Every structure is written in C-alpha cells, then in structure tokens.
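Listed below are the residues making up each chain.
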Amino acid sequence: MLQLQICRFPKGSYIVVEGKANSDRFFIIQQGRVQCYKSSGNGTTSVIFGPGDFVGVVPCMSGHLQIETAIAAEEVVAIAVKKEQYPDLIVKNTPVALKIIKTFANRMRVMNEMLTKATLNSVVTESYEQIYKVAKFYDEAYKIDIATYAYYQYLKTRPTGPNAEDAKKRFLALKAKAHPAYLEPSQESILEYPQNTMIFSESQRGKDLYIIQSGEVAISKVVNGNEVILAVLKKGDMFGEMALLENKPRSASAIAHSDCRLMVVNLANFNQMVTTQPQMISRLTTTLADRLWSMYRQLDNANIRDPLAKMIDMLSLQLEKQKIQMDSLQSKQKQTELTPQDIANMCGIPHAQQPKAIYEFQQDSHIKIVDGKIFIKDMVELSKQAAFYRKQNNN
C-alpha cells in the first residue's frame, strides 16, 4: 500500500540545497509558495512554485546532486515521494506522472534555448527555414546523407520557400550518391539507422518518440554555422518526447552517432503505456530527469569562458553522467570512447578556435590520447580540477 509522508516547512526554511546529495525524494507542493533559485556565472535565477508544482524531482529521479536551492517563501505543506514509490504513484495517480513528464518536456525546451544562447550567444527561431540552414551546414561539412535528408524535409514543408530553388538543386545533386535512411515516415515499429544518418531535423514536425535498442544517437543544434552537441544517448535512452508531448516542432536534431536500432512510440501507444506500463513511464521519467539534469549541468559549462576550462569540465561532466562514485574507485584511470573533437563540439567552441583549444587540452596533465581517444589518468583529480574551474567562474 502506497503511504506518502506529509511534510511542513516553516517560512524561510530550506527544502533542498544546491549541490547537496539529499535527493532520495521529491516534494509535491500542497499549500504555500516555494522560491527556487540557482547560481551561475551570470548571477542568480529565481522562480516561484506553488500548489501542484514539484521540488527536487530532477535530482531524485536522476540520482544526481541537487541542481537548485528551494526555500519556503511562506509556510509550506508538501507530500514527500521517494523514488522507489514513484511506480506505485503512477498506478494510483496517472495525472501526476503525466504532469511531471510534461513539466520536464517544457523545462527542457526552455533549457535548450538557454543553453544555445549561453553557448553560442544566439538563439534559434523555430521555423521551417531552420531546416534549410541545417541542411546547408551538413552539406558544407560533407555529411551528404544528413544534408540530403534535411534538404528533402525542407522541400516537403516549404516547396515554395525562399530557399527552395537552392535546396532542390542541392538535393538532386546529392541524391545519387547519398543513402539517407528514411525520407518518409515508416509504419514499422523498429527502425534501423546507419551511422551519420539523420533521424529528424530541428524545426521539423513530428509526433513520435524513440527508444534506443542499440547504438548511439547524438542530439544537436546548428546555430550561426556552428554545431552544438547537446547529448549523446545510448541503449535504453529515449528521445523525441517533447514534440510528442507538446505538439511542437523538434527543438533539436537527432543523428545516428553509430549504427543504431530504434523503437518508435506514437501518441496512441504512449497514452496506453501510461495506464498499463508504470515501469516504462517510470523509466521515461528517469530518462528525462537525467537529460534535464545534464542540461542544467551543461549550462554551468556554457558559462565558463576559457576554452581549456570548458573542455576539462565537459569531460568531467561525461563522468558525472555515468554516476561514477569517486570515493569507491579501485582504479582512477579510464579509457573513454570520446575524441578531443567530440569534447570541443559538445562545448560549442567555434571551429576557428578549436585547433588551439584541442592542442591545449591534449597537453593537460590529467589526460593523454590513446588511438585518438581520451584516456583519463586520474578521474578524481580531473573532477577536482573541473570543480575548481566552475567555482572560479562563479566568483
């Protein structure tokens, strides 16, 4: 039987504290207002939550440290939900789960814009013309399978658009030698994408989410001629949920980072899953929480100005995503599958600055390059160095 704890917080008391590990539960506000704020290199951002809102749900479901501080702005009454109670909560109260998931989707869209602006000092306007810009970027980068897909989607949605003539010319020129996976939606529930093929483009319409059965998928954005890698997802991860839940254009592109096999979930299947598969919805909530936590953490990285510091911190972030317990390590060394170029792209470092940044990164005493991939000599020291850079940036 599901038994939830009622908690009372006097005005001015702390509910959660940024950076702390007390994330085994989250709170559903029943009464009162809560002020949540987060520190960054650009100052402090603050938001007020009220009845029906959630506090601490992202760290709880992702298993990471608290990402913000929450203080009772007045006397607050809240329900505490432990992570292991969440599947039972879904069964008893499906609307709560749906609200959490939709709240996550909305926050992720906002975070996407904040992250892009912080990384590249620009934002992307959601329009079909953005699909053309994506196609042009990958065309000029000689990634013809991706470019061909994006040109096709632009022509499909904007056949008389201002860039339609050039898009048609380039599409016809590339089509004979390109091998995009699926130009049109497939009715199959399992799809296979070769490496460096596009699953969907940012600003493209779509109503499906995907679950990775095997392989890796990169989530990226193109802004001002630069590519920002927002995440590299692996087996068991889900993506595309924002378009499904909010019925809005895709906020980022999805590209096969390696050969991958995907399960497709449409809106009808998703609604059925909510009521019949609480474990699957719990998994989706955890996945979204992980993604949202990573975006908050990546925003910290975007506010670091020094390219070398950004790259060291981004490498440390990849370890944090794996939830490696530094105090219980038998070996502090780790061979990664990441290249210095991967890290530079994740940081959104402009192409003109990348050679110098990568050279300085390769000289850092905590890493070495083995067969083109990053080998970490001491994960603990690397983590400390990254924390120092973040603290220095916030002072």
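Note that the structure is a prediction, hence the values are computed from the model and not measured.

Rules behind the numbers
Residues numbered from 1 in each chain as written. Predicted model: local features only at pLDDT ≥ 70, side-chain atom pairs only at ≥ 80, totals over all residues. Heavy atoms only, no water. Core = buried A, V, L, I, M, F, W, Y, C linked by side-chain atoms within 4.5 Å. Buried < 20%, exposed > 50% of the residue type's maximum accessible area, 1.4 Å probe, protein only. Contact = heavy atoms within 4.5 Å. Pairing = 2+ DSSP bridges. Helix = DSSP H or I, 4+ residues; strand = E, 2+ residues; numbered from the N terminus. Phe/Tyr/Trp six-rings, centres within 6.5 Å; stacked < 30°, edge-to-face > 60°. Lys NZ or Arg CZ within 6 Å of the ring centre and 35° of its normal. Expected span 1.5 Å × (residues − 1). Salt bridge = Lys/Arg side-chain N within 4 Å of Asp/Glu carboxyl O.

1. What to know about the nonpolar core
Side chains of nonpolar character tend, in soluble globular proteins, to be buried together.
1) Next: In terms of nonpolar packing, the biggest core is built from 109 residues, with Phe26, Phe239 and Phe270 touching the most fellow members.
2) Next: In this structure, phenylalanine 270 is in contact with Leu98, Ile101, Leu209, Leu244, Leu245, Val265, Ile281 and Leu284, ignoring residues within four places of it in sequence.
3) Next: Counting residues in each nonpolar core, the second largest holds 15 residues, with Phe9, Ile15, Val34 and Phe49 among its members.

2. A closer look at the sheet that holds strand E1 (residues 5-9)
1) Next: As summarised here, the arrangement of the four strands in space is E1-E8-E3-E6, forming an open sheet in which the pairing is antiparallel. The open sheet has two edge strands, E1 and strand E6 (54-55), and neither has a second partner.

3. Observations regarding the packing of aromatic side chains
1) Next: Within the structure shown, the criterion is met by twelve aromatic pairs.
2) Next: A centroid spacing of 5.0 Å and a plane angle of 65 degrees characterise the contact between tyrosine 182 and tyrosine 193, whose relative ring orientation is edge-to-face. Linking tyrosine 182 in the loop between helix H6 (164-175) and strand E9 (190-193) with tyrosine 193 in strand E9, this pair joins segments that are eleven residues apart in sequence.
3) Next: For tyrosine 182, a relative accessible area of 25% corresponds to the partly exposed category.
4) Next: With 5.9 Å between their ring centres and 40 degrees between their planes, phenylalanine 200 and phenylalanine 239 make a pair best called tilted. One end of the pair, phenylalanine 200, is in strand E10 (residues 198-200); the other, phenylalanine 239, is in strand E14 (residues 238-239), with 39 residues separating them in the sequence.
5) Next: A relative accessible area of 1% places phenylalanine 239 in the buried class.
6) Next: Put simply, the rings of Phe26, Phe54 and Tyr86 pair up and form one aromatic cluster.
7) Next: Stacked on the ring of phenylalanine 200, the Lys or Arg arginine 250 has its end atom at 4.0 Å from the ring centre.

4. With respect to the pairing of E9
1) Next: Residues of E9 alternate between two faces, with Leu191 and Tyr193 buried on one and Ile190 and Glu192 left unburied on the opposite face.
2) Next: With four bridges connecting them, E9 and strand E16 (residues 260-265) associate as antiparallel partners. Following the sheet pairing, leucine 191 is matched in E16 by leucine 262.

5. Overview of the environment of alanine 231
1) Next: Tracing the backbone shows alanine 231 in strand E13 (residues 226-233).
2) Next: Assessed through its relative accessible area of 12%, alanine 231 is described here as buried.
3) Next: For the pair formed by alanine 231 and glutamine 187, sequence separation is 44 residues and the distance between their alpha carbons is 27 Å.
4) Next: Aside from chain neighbours lying at most four places away, what touches alanine 231 is Val217, Ala218, Ile219 and Arg291.

6. Regarding helix H5 (residues 144-157)
1) Next: The terminal C-alpha atoms of H5, which comprises 14 residues, lie 20 Å apart, in line with the 20 Å expected from a rise of 1.5 Å per residue.
2) Next: With ten of 14 residues buried, H5 lies mostly within the body of the structure.
3) Next: Along H5, the positions that sit buried rather than exposed are Asp145, Ile146, Ala147, Thr148, Tyr149, Ala150, Tyr151, Gln153, Tyr154 and Leu155.
4) Next: On its buried face, H5 sits against helix H4 (129-140), H6, E10 and strand E15 (253-256).

7. Observations regarding the pattern of salt bridges
1) Next: Tallying each qualifying case throughout the model produces 17 salt bridges.
2) Next: Arginine 158 serves as the salt-bridge partner of glutamate 129, at 3.0 Å between the closest nitrogen and oxygen. In this pair, glutamate 129 is assigned in helix H4 and arginine 158 in the loop between H5 and H6, connecting sequence segments 29 residues apart.
3) Next: Under the relative-accessibility criterion, arginine 158 is labelled partly exposed at 31%.
4) Next: Arginine 297 is the partner of glutamate 320 in a salt bridge, and the nearest nitrogen-oxygen pair spans 3.0 Å. Of this pair, glutamate 320 sits in helix H10 (residues 307-321) while arginine 297 sits in helix H9 (residues 278-302), placing them 23 residues apart in sequence.

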